[in-house]
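Below, each chain spelled out in residue letters.
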Amino acid sequence: MMPSGRKFDVVMAWAIDRLGRSLADLLHTIQELEAAGVDLYLDQQSIDTTTPMGKLMFQVTGAFAEFERSMIRQRIHAGLKRAVEAGKTLGRPRISPAVEKRIQDRLRAGMGIIKVAREVGVGNGTVQRIADEMHRPFVGAVA
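Here is a short report on the structure shown in this document. Source: prediction; values computed, not measured.

1. Quick word on the pattern of salt bridges
Part 1 of the argument: Taken as a whole and judged by the stated rule, the model has six salt bridges.
Part 2 of the argument: The salt bridge partner of glutamate 133 is arginine 94, with a shortest N-O separation of 3.8 Å. Residue glutamate 133 is found in helix 5 (residues 124-135), and its partner arginine 94 is found in the loop between helix 2 (52-85) and helix 3 (97-108); the two are separated by 39 residues along the sequence.
Part 3 of the argument: The exposure class assigned to glutamate 133 is partly exposed, which follows from its relative accessible area of 29%.
Part 4 of the argument: For the salt bridge of glutamate 119 with arginine 106, the shortest nitrogen-to-oxygen distance reads 2.5 Å.

2. Focus on helix 5
Part 1 of the argument: With twelve residues, helix 5 ought to run about 16 Å at 1.5 Å a step, and its terminal C-alpha atoms sit 17 Å apart, in line with that.
Part 2 of the argument: Every buried residue belonging to helix 5 is among Thr126, Val127, Ile130 and Ala131, and all of these are buried. Taken around the axis of helix 5, the buried residues stretch over an arc of 135°, which confines them to a single face. Within helix 5, the exposed residues directed more than 90 degrees away from the buried face are Gly125 and His135.
Part 3 of the argument: Residues of helix 5 that are buried make contact with helix 3 and helix 4 (113-120).

Cut-offs applied
Residues numbered from 1 in each chain as written. Predicted model: local features only at pLDDT ≥ 70, side-chain atom pairs only at ≥ 80, totals over all residues. Heavy atoms only, no water. Salt bridge = Lys/Arg side-chain N within 4 Å of Asp/Glu carboxyl O. Helix = DSSP H or I, 4+ residues; strand = E, 2+ residues; numbered from the N terminus. Buried < 20%, exposed > 50% of the residue type's maximum accessible area, 1.4 Å probe, protein only. Expected span 1.5 Å × (residues − 1). Arc of directions from axis to C-beta. Contact = heavy atoms within 4.5 Å.

Keep in mind these values describe shape, not function.
Here it is, written out as structure tokens:
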């Protein structure tokens, strides 16, 4: 018979990376589950926190998962830095000044973002960025 207020005994997940993005998240999750009297089973890692060994393996596996994410993030940042140093321009190409002026004119006339985007043939995000830039004070070089 289950204690009152508890609706289940075990949370089952496919893999540890489904539970949190950092070791702190994972530890918080397991602490919450422990406080509620609920165990955890992770299929891919064959971890079952109903045992002390399962709890240890959960924490060790979580630490390795966080390490792997950090390494991926570090490689991505290094690759982006290398690309910029090699002269690559990151992101989408900017629209032409003529198209940007058409968008600005329509926005100043009170036309909505979606309508402007459809009429000019650009994405809503492009029109939104231009609208934001129009309302943001210019911060340029001081003479």
